[in-house]
Amino acid sequence: MIRSYRSFRANLASAKASGLPYVIVPITNYQIFWIFTGKFFLAVLCRLPETWTASWIDFLKVGWSSRLFHQPFKNFGCDAFLTVSPFSNVLWICDAAAITQITSRTEDFEKPSIMKKILDIFGENIFTSGGQDWKRHRKVMSPVFAERHNYVIWDESIRQASHLRRYLLNRQKSEGGIIDDMAVELHRLSLHVICRTVYGVPLYETPIALALSPRPGDKTLDSTCGLRSRHSRNAHLLGFGNALNGVLDNLASIAVCSQRLLAISPSRSHRFAYQAYTEFFTYISTITRSKTVAVAAERGPQEMDLLEALTSSNRNLTDDASSGPSRSILSDTEITGNTFLLIVAGHETTAQAMYQLLSLLAIHPSIQREIQKSLDKHRRSELASPSGDPSRISNSASAALLESLRLFPPVANLPRRTVRPQSLQLGDGRTVTVPADTEVNITIGTAHRNSNQWTRYELDDADDLHGFKPRRWMRSDGTKDNSVDGGNFTDARAGEHRGSGYRKPQRGAFLPFGEGVRACPGRRFANTEVMAVLTVLLSEHSIELAVPELDEAGLKALSGKERKTAWLQARDRAMATLNATKGLALKLGTEEVVPVKLVERGKETIYDF
Ligand code: HEM
C-alpha cells in the first residue's frame, strides 16, 4: 500500500513536470492483472456515481480511442495527454509530428515487453526483437516480402476466394439469402491463404470444414491436410489446422503460464492449449527442417512458399557480425518464430481490412459500382498475373482500401514505452517531456480522424472525417496527383505507393501499417490478398447490404419513399455496427457484423437514393 502510494506520488510528479495535460486513473490497462480481470472490475467501477468517474473511466475501456476518436484530446486542448496511476503513466497521442518522432526514435521508444512475451512463444522474431538483433531478422526477412513472391499470394487468394464465393452462394440458396457472418468467413479465408503461402500447407480445400474454435479434447484430424503423413513421423492428436487454431485462440495463456503448469492444470482448456502448442511446434519445426532440402532443389521464386524464401535467404546471406567462419544469420528457432509471427501478424489484420472494406462497399453501392467497372477494365491484363503492385490493378479499389483503413485501422494502437525521459516536439510547437517508464500508446484511429491534420483533404463542405470518401485520396477531378508532399506511403520499405499518385497525408497522420523502419513489411501481401478477393467476389456479383424489407417480396409491398427509408435505416445501423466493432472478437463470431448478400450483377435490388 505504502509502495503504491509512493509510486503514485512519483508518477504524478513526473506527469506535472512533463508539460502535458493529465488525468488520474486507479490502474493502467497494461497491468497483467487488469488484462485478465478488467472486465469484472470495470463493471464495478461503472456503478460508482458518474461525478466520481466521468473524467477517467473511459480510458480504462479497451478500444476507447476507436469509439471516442478525437473528442478526449479536444477536451484536453492537446493531441497528447497522460493517464497517471500508482502503477505507471500512459501517454495517449495522436499528434502527427510527435508520432513521427516516436516511430523514428526506435531506441528511445521501445516495444513493450508484454508483446514480446506473447509473440515469442515459438522463438524470437522480427516483431519482438530490437537493436542489432532486429537488424539481423530484418536482413533475412526482407527478401521474403519482395515483389517476386506476389504470385503465390495472388494465386492462393484467388483460389480461396473462388471457394468462398461458391460456398456463400450455395449457403444463400439454402439459408434464405443473408450472410450474417462475413467476418468469420473472411478470417478463415485469410488463415488459409497465409498458411498456404507461408508453410506451403493447404489447410482445407473449402472454408466450410474449418472449425475455428476447436473444443478442448477435440480429436478430429484434418483429413484433407495431408501434413501428418508427409511431414511428421510423430503421432499427432490434432491436425495442423486445429493445432494452429488452438494456439491462436490461447495465445495469452500460453504466453503467460509456464508450459508445465498448462500441462498439469485442472482446466481442460489449459491442457488443450498445451497440447495445441506442443503439436504445432512439432509440425512447424518438422516443416522448417524439410524446407532446407526443398530449397536445395532451387525452386523458382514464383513457386516458393515464404518459408522456403526465408530459409533460402538465411542460407545465402551471411552473418557480417560473426568473426568466425560464415554461418546462417538466424537459428532454426528464430526461423520458426518468424514463420509463426507471419501467421499472427498477417491473417487477422488482413481479414479485418477485407471485412471492413466489403461492408463499406455494401453500404456505398455507387462506389462499389465504380470499383467493379475499373476491375472489369483491368481483368484481362493485370489481373491474370499481378505485376507485383496490386494497387495498380484499380485506382478506385486502392483508394477505397486506403479510405477503409483510415476509418477502421485493423491495428488500433501502436504501443511503445520509454526507459528514460524523452523530449517531444508537438505539432503546435510545444516541447514536452515524456517521463521515464511511460507506456506510450499511439492511437491510430484518432490520428486518422484528427481534423487538425486532415482538413485540407476534405472534398467539400458536406465531407467530414467520419465519412467513407475514397475520392479524398485522388485529386478532385479523379486523376492522379503526383505533386503531393512526401507522406508515409513513400516509406522505402512499403514501396508500392511510391510515385503512384495517391494523395499522401502528412507523416504521422495516416499509419494503418505503422510508420518508420518498424512499419509493416506485409503491406504488399495484404494489398494483394484484398485485391484478389475483391476481384473474385465483385466480378460477377455485387455485395449488397441485407435489408429484409427490401427482399423480393418486400420490394413489391413498399412505396418508393418507404424503400428509401428502409435502406437509409439499414445503412445507419450497418455504419453503427462497423463503428462498434472490436477487432479480435470478430473472429470468434461473437460480435455483431454487417449482414450482406451476394447478388448477381445487374440484378441488384438496392438503389442509390
Ligand atoms: C491490413 C493488413 C495489415 C495491417 C493493418 C498491418 C499492420 C501492422 C502494423 C501497424 C505494424 C507495426 C506495429 C508496430 O510498429 O508496433 C505491423 C508490423 C508488422 N507486420 Fe503487419 N499488418 C498487416 C498485414 C501484414 C501481413 C499480411 C504480414 C505478413 C505476411 C505482416 C507482417 C508484419 C510484420 C513481420 C511486422 C513487424 C515489422 C517489424 O517490427 O519490423 N503484416 N503490421
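Labelled according to an unreviewed UniProt entry, the protein appears under the name Cytochrome P450, originating from Coniosporium apollinis. UniProt annotates the protein under Cofactor (unreviewed entry) with the comment "heme".

Just checking my understanding: could you explain the packing of aromatic side chains for this structure?
Given two aromatic rings, their pairing is described by the distance between the two centres and the angle made by the two planes. This model, assessed by the stated rule, comprises 21 aromatic pairs. Aromatic side chains Phe122 and Phe340 sit 4.6 Å apart centroid to centroid with 70° between the ring planes, which places their arrangement in the edge-to-face category. Taken together, the residues span a long stretch of sequence, with Phe122 in the loop between α7 (113-119) and α8 (131-141) and Phe340 in helix α17 (residues 332-363) at a distance of 218 residues. Each member of the pair, Phe122 as well as Phe340, is classed as buried. Each ring, one from Trp454 and one from Trp473, has its centre 5.9 Å from the other, and the planes form 75°; the classification is edge-to-face. Note that Trp454 is positioned in helix α21 (residues 451-454) and Trp473 in the loop between α21 and α22 (523-539), a separation of 19 residues in sequence. Assigned by exposure class, Trp454 and Trp473 land together as buried. A cation over an aromatic ring shows up here: Lys111 above the ring of Phe127, its NZ or CZ 3.5 Å from the ring centre. The ring of Phe69 has Arg449 lying over it, and the distance from NZ or CZ to the ring centre is 3.9 Å.

Got a minute to help me understand the site of the ligand in this structure?
As a structural note, the neighbourhood of the ligand is formed by 26 residues, with Lys111, Trp134, Arg416, Arg518 and Cys520 the closest of them. One of the side-chain N or O atoms of Trp134 is found 2.9 Å from an oxygen atom in the ligand. Within the contact set of the ligand, an oxygen atom lies 2.7 Å away from a side-chain nitrogen or oxygen of Arg416. Here the element with the most residues in the shell around the ligand is α17; it accounts for seven residues.

Help me understand helix α9 (residues 150-175) in this model?
Because an α-helix packs 3.6 residues into every turn, residues spaced three or four apart end up facing the same way. Taking 1.5 Å of rise per residue, 26 residues should cover 38 Å, and α9 covers 36 Å from first to last C-alpha, within 8% of that figure. In the stretch just after α9, Gly176 is the one whose phi turns positive, near 85°.

How should I be thinking about the nonpolar core in this particular structure?
Generally speaking, nonpolar side chains in soluble globular proteins are found buried as a group. Ranked by internal contacts, the top residues of the largest apolar core, which has 113 residues, are Met182, Tyr199, Phe280 and Phe340. Per element, the largest residue contribution to this core is 15 residues, and it comes from α17. In terms of nonpolar packing, the next biggest core, distinct from the first, is built from 40 residues, Trp56, Trp92, Val440 and Ile444 among them.

Conventions adopted
Residues numbered from 1 in each chain as written. Predicted model: local features only at pLDDT ≥ 70, side-chain atom pairs only at ≥ 80, totals over all residues. Heavy atoms only, no water. UniProt positions renumbered as here; feature names shortened; annotations may be inferred. Phe/Tyr/Trp six-rings, centres within 6.5 Å; stacked < 30°, edge-to-face > 60°. Helix = DSSP H or I, 4+ residues; strand = E, 2+ residues; numbered from the N terminus. Buried < 20%, exposed > 50% of the residue type's maximum accessible area, 1.4 Å probe, protein only. Lys NZ or Arg CZ within 6 Å of the ring centre and 35° of its normal. Near = heavy atom within 4 Å. Polar contact = N/O pair within 3.5 Å; in protein donor to acceptor, adjacent residues only side chain to side chain. Expected span 1.5 Å × (residues − 1). Core = buried A, V, L, I, M, F, W, Y, C linked by side-chain atoms within 4.5 Å.

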